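Reading the structure
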Amino acid sequence: MPGFVIHVGASVLCSHGGQAQATAPNPRVAVSGQPSVTMPAPWLVAGCVLPPPPGANGPCVSAQFVTAATRVTSNGQPLLLFDSQAICAPTGTPLLIVASQTRVTAM
């Protein structure tokens, strides 16, 4: 399915409200004037409120996307899409893409 391409200005949160930020923007492809993001780079999470052990297994520290575009790449790496899925470490919970640009789609 096609989805909107994610850029570094997208609002991405962990399941507990922590703000996620891309560690490696892709300046080769810009959407809405901002660099896009490819799949391999990890994301850093700040502000996760999930308690550390023994109360829970938090907070979320980083995340890795496990799905991305299947047909569109940049520098040989698949671009992230609005419907791409990520897993946070060490909690194993997903990232939520809340808002991004809505003009450029990819598959």
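Our subject is the structure that appears above.
Residues numbered from 1 in each chain as written. Predicted model: local features only at pLDDT ≥ 70, side-chain atom pairs only at ≥ 80, totals over all residues. Heavy atoms only, no water.

1. Digging into the overall build of the chain
Within the chain, the secondary structure is distributed over 0 helices and 12 strands. Ordering the α and β elements of the chain from the N terminus gives β-β-β-β-β-β-β-β-β-β-β-β. Relative to the globule expectation of 13 Å for 107 residues, the C-alpha radius of gyration of the chain, 14 Å, shows essentially globular dimensions. With the C-alpha coordinates of the chain rotated into their principal frame, the extents come out at 45 × 25 × 20 Å. A sequence separation of at least 24 residues applies to 62% of the contacts in the chain between residues at least 6 apart. Accessible surface, the chain as shown: approximately 5,500 Å² in total, 61% of it carbon and sulfur. (Helix = DSSP H or I, 4+ residues; strand = E, 2+ residues; numbered from the N terminus. Rg over C-alpha atoms; globule rule 2.2 N^0.38 Å. Contact = heavy atoms within 4.5 Å. Areas by Shrake-Rupley, 256 points an atom, 1.4 Å probe, with all protein chains shown as cover.)

2. Thoughts on the sheet that holds strand S3 (residues 19-22)
Strand order across the open sheet formed by 6 strands is S10-S7-S6-S3-S2-S11, with antiparallel pairing between neighbours. Looking at which strands have only one partner, the edges of the open sheet turn out to be strand S10 (86-89) and strand S11 (95-99). Averaged over all adjacent pairs, the angle separating strand axes in this sheet is 35 degrees, with direction ignored. Here strand S2 (residues 11-14) pairs with S3 via 2 bridges, running antiparallel. Note that in S3 the partner of Leu13 across the bridge is Gln19. (Pairing = 2+ DSSP bridges. Axes fitted to C-alpha atoms, helices over the stretch in contact; angles between N-to-C directions.)

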